[in-house]
Structure formats: C-alpha cells, structure tokens
Amino acid sequence: MLSILYWISATLPSNIFVLLVVDDLCRHTLTADEERLSSRPYLYTAAAVLMTMADLFHNVWVTMAATLLILAVLMVWLYELRRPVIRLTAAWVFFFLISASDLAGEGLWRLGMRMVEGVSGMDPGRNMLIVQSIGGQGFLMIVFILMRWYIRAAVNLYHEGKGAWFWVCLIVPGASLPSAAVFWRLALTMELSPALELMMVLCCTALLYSCQASFTMFENIAAQMEVTREYQAIRLRQEMEKKHYELVQRQNEQYASTEHDMKHHLRYLSEMAQAGNLSGVQSYIAGLQLSAQRRREDGYLRSFTEDKILNVILSEKARLASDEEIYFTADLTAGLDFLGPLDCCALMGNLLDNALEGAETTPPGRERFVRVQIRPFNQGFTLVRVENSFSGFLREKGGRLLSTKDEGQRGYGMQSIAQIAEKTGGSMEYESRDGVFTVNVLLNRILSEEE
C-alpha cells in the first residue's frame, strides 16, 4: 500500500503537467469545440487518474499506450478535427513524443547502467525506477522546449519583431535541463532512501512546472504589452479623427465667411450695374474668378457635393492625392449628412487615408489611383465604395488586416470603419483583386436618421 501511495505521489504531478502542456498546445494551434469545452476540467481530472493508474504497472509500453490513447481521446472530444491538417499532424507527433517519456527514461537508465558498470561499489540495477522517472522528466523538458518552439512558429504567439521574448522564456527550461541531469546522475550513483527518492522526483516535477509558469508569465506580459500598444494606436487614431473634425469646422467657418462676403460682392456688383459701369463689373468678376482659382489650387472649396462636411474631407484628400501624383475621382449621387459629424469624419477620413496609403505602394509603371463612389442602395441604404491601386500584397492575421505602416500592428482604421457601419445597422466588406483594393461600406440611412 505504501508503495502504491509512493508512486501516486511521484507520478500524479508529472501527469498533470503533461495534460497542461497538451492543453496549451491544442488551445494555441487547434480550433476548440465550444459546446464540449465546459467538460474539460472533469475530463482532465479523469485523464490524470487513468494515466497515474497506468504508471503503477511499471511497464513502459503499457504507460505509453495508455497515455497516447488518453491524449487522443481528449483531442478528438474537445477539438474540431477538420482543419488545419498540418497542425493536427504536429499535435499527433507531440502526443507520441510525450507518451514516449517513460520509454526514454528506460533508455536513459540503460545508458546509466553502462556508465557505472564495472565501477567499484556500484550496483547497476540500483534505483532503477527513480532513474527512469527522472530521465523521463528530463525528456519531457526537451519535448516542452520543442513544443513551445513549434507554437511560436505556427501561430506567431509573440508580436512580430518581439522574438526576444521567446528567448527570455527559454532561460528557465534551458537552466532546468542541467539541473535534471544532475538529479539523474545523483539517483544513478547514490544510495537513496524512499523519502529522498520522492523528494528528487518532486523537485524535477517542480522544474517542469517552472518551465510552464515562465512561459505563462511572459505570455501574459506580452499580452499586456499588446493591449497597451493597441490602446496607444487607438488613441492616435482618435487624435487623427479629431483633427479631421477640426478641419471640417475650420472649413465650415470659411464657407460661412465666403457666403457672408458673397452678399457684399453681389450688392457691390448690383450697384455698379445700376450705375452702368459695365467695365467695372467685368473687372470685379475677373478678380473674383482669380480668387476662386487660387483657392481651388490651394486645395479647398473644390466642389464635390452639397454635403459640406463630406466636401471638405474629399477636397483635402484630393489635394493630398494631387501632391503624390495619385489620380483622384469621386462619383457622388448621395451624401452622408445622415451621419453625425464625428462619424462622417472618422468613416471617410479612415477610408481615404487607407486608400491613399495603399495607392502609394503601387509598383512603378502602373497607374496610381483612388476612386470614391457614394450612391443610394436599395431602400434606406447608402453604399460607400472606395477603390485604390496597391502593391497587391495584403498582411492579415486572424482574419484581420494588419497595418502596412507598422509591422505587426493591426489596422485600426478598418476596425473604426466597421464599427461605424455596424452602429448604423450596416456592414463593411473588403476585397483584393488584380492589384485593386476595394472597400464597400453599407450604411443604414433610416436607422441613422432615427437615432
């Protein structure tokens, strides 16, 4: 009875560690079945008990078969096996390696027997089970390092450009391997009491848990850094949208000023016409035309639409496009006056900023363009379509576009566009074909006006 309790105490923590790393692998690389995921704690508890019972047979083949079968059942039950095939195959490879830990432990024990064979006072068969157990745990450390390496390569766990985090995380497993080797050597060459044997096994198990804890801790730090980075990017995007809104306000003031001045111009022209001063009228009109021409060349008061806010944004982006030699066209049969000023600025500002940035990547020899179309769609909807030339290469991760400006950053402009569309009861879609990137934003005009 004491022997059974001894081996349960020695092997149960190791089996729990195996289940933890397997769960870690599957969560990062496979798609979970959400309906069955709630049963995971109970399944893992039962799995740990069954794996520990298999260890009590002291037969490496029984242990290996039982472990492999249990891990396979867990994966089949908790995760969808339709895709991706490469990750499923890799999972099976790691399951096999983990299941072979006791077999590796026996191989290390046989290696140790050869090392001490013939040495005076040493019994090669002494401490067989403890040497096997510690050797198997050392093998698990190596498999764990390989597994983390695979997860990093398979799912880009760490932010691109931050690969140094992975090497920092490897410090603990790298230091644990020599420690496990020391324990293995001591178990091979020393007379140990049962209490010392158990303590050495549990110390090696603690090293295993420290490896897992180090990656968990550093991944949490990396996730927190990612959240901070997202917050900073969102703040920057909000500041840009605020600048768009301030520009609209300034341009509206200029419109109001122009309208006010126009009243004086018309009164003065009327007075000259009544006095019969036709040459003065012609001269005055020529001056107004020259002034209007200068304003158009300066990039504002270009007439795209009667929607003043939309007109200001289009005028500003048209000027920027002209500066970069990008052909800018706008076909408008509807306006966005049903949107609030902030939403209109955020929507069109982000759409056109992204389009201009994409057009700048167009390869030499191809036309650089941005095309804007706003038109009614069905009853109660408005469709905003923006097309631009680009390099033809999109950076995506997890089904979401990444920024082309900052490596690894998400495209927060696209997120903002989607949120505005969804707020109105509409939607946002994008597609890429033959070097042309198209964004379609469907806006619910009726719902927006009601709000």
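Overview of the structure. By convention here, each chain's residues receive numbers from 1 onward along its written sequence. Selection of residues for local features in this predicted model requires a pLDDT of at least 70, selection of side-chain atom pairs for listing and counting requires 80 or more, and totals for whole chains, interfaces and linings are taken over all residues. The basis for the side-chain values is all heavy atoms of the structure; hydrogens and waters are excluded.

## A few points about the overall build of the protein chain
Here comes step 1: For helices the rule is a DSSP run of H or I covering at least 4 residues; for strands it is a run of E covering at least 2, with both sets numbered from the N terminus onward. Helix and strand content of the protein chain: 14 helices and 7 strands.
Here comes step 2: Relative accessible area decides the class of each residue, using a 1.4 Å probe on protein chains only: under 20% of the type maximum gives buried, over 50% gives exposed, and in between gives partly exposed. Looking at the protein chain as a whole, 44% of its 451 residues are labelled buried.
Here comes step 3: Residues are treated as being in contact if the distance between any of their heavy atoms lies within 4.5 Å. Restricting the contact set of the protein chain to residue pairs at least 6 apart, pairs at least 24 apart contribute 73%.
Here comes step 4: Using the Shrake-Rupley algorithm and a 1.4 Å probe, accessible areas are obtained, with residue cover drawn only from the displayed protein chains. Working note: accessible area of the protein chain is about 24,200 Å², and carbon and sulfur atoms make up 58% of it.

## Description of the pattern of salt bridges
Here comes step 1: Each salt bridge in this description consists of a side-chain nitrogen of Lys or Arg and a carboxyl oxygen of Asp or Glu lying within 4 Å of one another. Going through the model one piece at a time under the given rule, you end up with 12 salt bridges.
Here comes step 2: The partner of D23 in a salt bridge is R27, and the shortest N-O contact between them spans 3.0 Å. One end of the pair, D23, and the other, R27, are both in helix α1 (residues 2-29), 4 residues apart, so they sit about a helical turn from each other.
Here comes step 3: Residue D23 is classed as buried on the basis of its relative accessible area, which comes to 10%.
Here comes step 4: Residue R27 is classed as partly exposed on the basis of its relative accessible area, which comes to 45%.
Here comes step 5: Note that E387 and R371 form a salt bridge whose closest N and O atoms lie 3.1 Å from each other. Taken as a pair, E387 in strand β3 (residues 381-389) and R371 in strand β2 (residues 369-377) lie far apart in primary sequence, 16 residues in all.
Here comes step 6: The exposure class of E387 is buried, given its relative accessible area of 19%.
Here comes step 7: For R371, a relative accessible area of 35% gives the class partly exposed.

## Structural notes on the environment of E219
Here comes step 1: Tracing the backbone through its elements, the reader meets E219 in helix α9 (residues 194-274).
Here comes step 2: Its relative accessible area of 16% is what places E219 among the buried residues.
Here comes step 3: Each C-alpha atom, one on E219 and one on F166, is 9.1 Å from the other, the two residues being 53 residues apart in sequence.

## Digging into the environment of I8
Here comes step 1: As for its position among the elements, I8 is in helix α1.
Here comes step 2: Here I8 is in contact with P13, T52 and L56, once residues within four sequence places are set aside.

## Quick notes on the nonpolar core
Here comes step 1: With 59 residues, the main nonpolar core has L19, L25, F95, I98, I134 and M147 as its most contacted residues.
Here comes step 2: Ranked by residues supplied to this core, first place goes to helix α6 (residues 128-155) with 11 residues.
Here comes step 3: Look past the residues within four positions of M147 in its chain and what remains in contact with it is V21, L25, F94 and I98.
Here comes step 4: Core analysis: the next-biggest nonpolar cluster, separate from the first, contains 39 residues, A321, L336, L352 and I417 among them. We define the nonpolar core as a collection of buried residues of types Ala, Val, Leu, Ile, Met, Phe, Trp, Tyr and Cys that are connected through side-chain atoms lying within 4.5 Å of one another.

## Some points on the environment of V143
Here comes step 1: Inspection of the secondary structure assignment puts V143 in helix α6.
Here comes step 2: Here V143 falls in the buried class, since its relative accessible area comes to 3%.
Here comes step 3: Excluding anything up to four places from it in sequence, V143 contacts F94, L97 and I98.

## Quick look at helix α3 (residues 60-78)
For the α-helix, the turn length of 3.6 residues means that residues three or four positions removed from each other point alike.
Here comes step 1: Here α3 contains 19 residues, and its C-alpha end-to-end distance of 27 Å stays within 8% of the 27 Å for a straight helix at 1.5 Å per residue.
Here comes step 2: Residues of α3 that are buried include every one of V60, T63, M64, T67, I70, L71, A72, L74, M75 and L78, and no others.
Here comes step 3: Sitting at the head of α3, N59 places a side-chain oxygen 2.9 Å from the backbone nitrogen of W61. Take the residue count of a helix, subtract one, and multiply by 1.5 Å to get its expected span. Polar contacts here mean pairs of N or O atoms no more than 3.5 Å apart (in protein, one a potential hydrogen donor and the other a potential acceptor; neighbouring residues in sequence count only if both atoms are side-chain atoms).

## Some words on the packing of helix α2 (residues 40-55) against α3
For any two helices packed against each other, one specifies the crossing angle of their axes together with the interaxial distance.
Here comes step 1: Here α2 crosses α3 at 170 degrees, and the two axes come no closer than 9 Å. Here α2 is positioned roughly antiparallel relative to α3, judged by the angle of their axes. Here α2 contributes R40, L43, Y44, A47, L50, M51, A54 and D55 to the contact with α3, which in turn contributes V62, T63, A66, T67, I70, L74, W77 and L78. A fitted line through C-alpha atoms represents every axis, and for helices the fit uses only the stretch in contact; the resulting angles, taken between N-to-C directions, go from 0 to 180 degrees. Any angle from 65 to 115 degrees is called roughly perpendicular, while one under 35 is roughly parallel, one over 145 is roughly antiparallel, and all others are oblique.

## Remarks on the packing of aromatic side chains
Here comes step 1: Pairs were defined over the aromatic rings of Phe, Tyr and Trp, the Trp ring being its six-membered one, requiring ring centres within 6.5 Å. Orientation was assigned from the angle between planes: stacked under 30 degrees, edge-to-face over 60, tilted for the rest. Summed over the entire model, instances satisfying the criterion amount to 8 aromatic pairs.
Here comes step 2: Ring geometry for F17 versus Y209: centroids 5.9 Å apart, planes at 70 degrees, classification edge-to-face. One end of the pair, F17, is in helix α1; the other, Y209, is in helix α9, with 192 residues separating them in the sequence.
Here comes step 3: The exposure class assigned to F17 is buried, which follows from its relative accessible area of 1%.

## Focus on the pairing of strand β7 (residues 436-444)
Here comes step 1: Of all 9 residues in β7, 8 are buried; the element is thus mostly enclosed.
Here comes step 2: Relative to β7, β3 runs antiparallel, the two sharing 9 bridges. Bridge pairing links V384 to V441 in β7.
Here comes step 3: Pairing between strands requires that DSSP locate at least two bridges from one strand to the other. For strand β6 (residues 427-433) and β7, the ladder comprises 7 bridges, and the chain directions are antiparallel. Within β7, the position partnered with S427 by the bridge is L442.
Here comes step 4: Counting the residues between successive antiparallel strands, the hairpin from β6 to β7 contains 2 residues, one of them, D434, with a positive phi of roughly 55 degrees.

## Here we look at the packing of α3 against helix α4 (residues 85-99)
Here comes step 1: Where α3 contacts α4, the two axes come as close as 8 Å, and the packing angle between them is 150 degrees. In this view, α3 runs roughly antiparallel relative to α4, as classed from their interaxial angle. Crossing handedness for the pair α3 and α4: right-handed. Counted together, M64, T67, L68, L71, A72 and M75 of α3 and L88, A91, W92, F95, F96, I98 and S99 of α4 form the full contact between these two elements.
Here comes step 2: Under the scheme applied here, ten amino acids are nonpolar (Ala, Val, Leu, Ile, Met, Phe, Trp, Tyr, Cys and Pro), four are charged (Asp, Glu, Lys and Arg), and all others, including Gly, are polar. Here the residues of the contact of α3 with α4 sort into 11 nonpolar, 2 polar and no charged. Here a crossing is taken to be left-handed if its near helix is turned anticlockwise relative to the far helix by less than a right angle, and right-handed if that turn runs clockwise.

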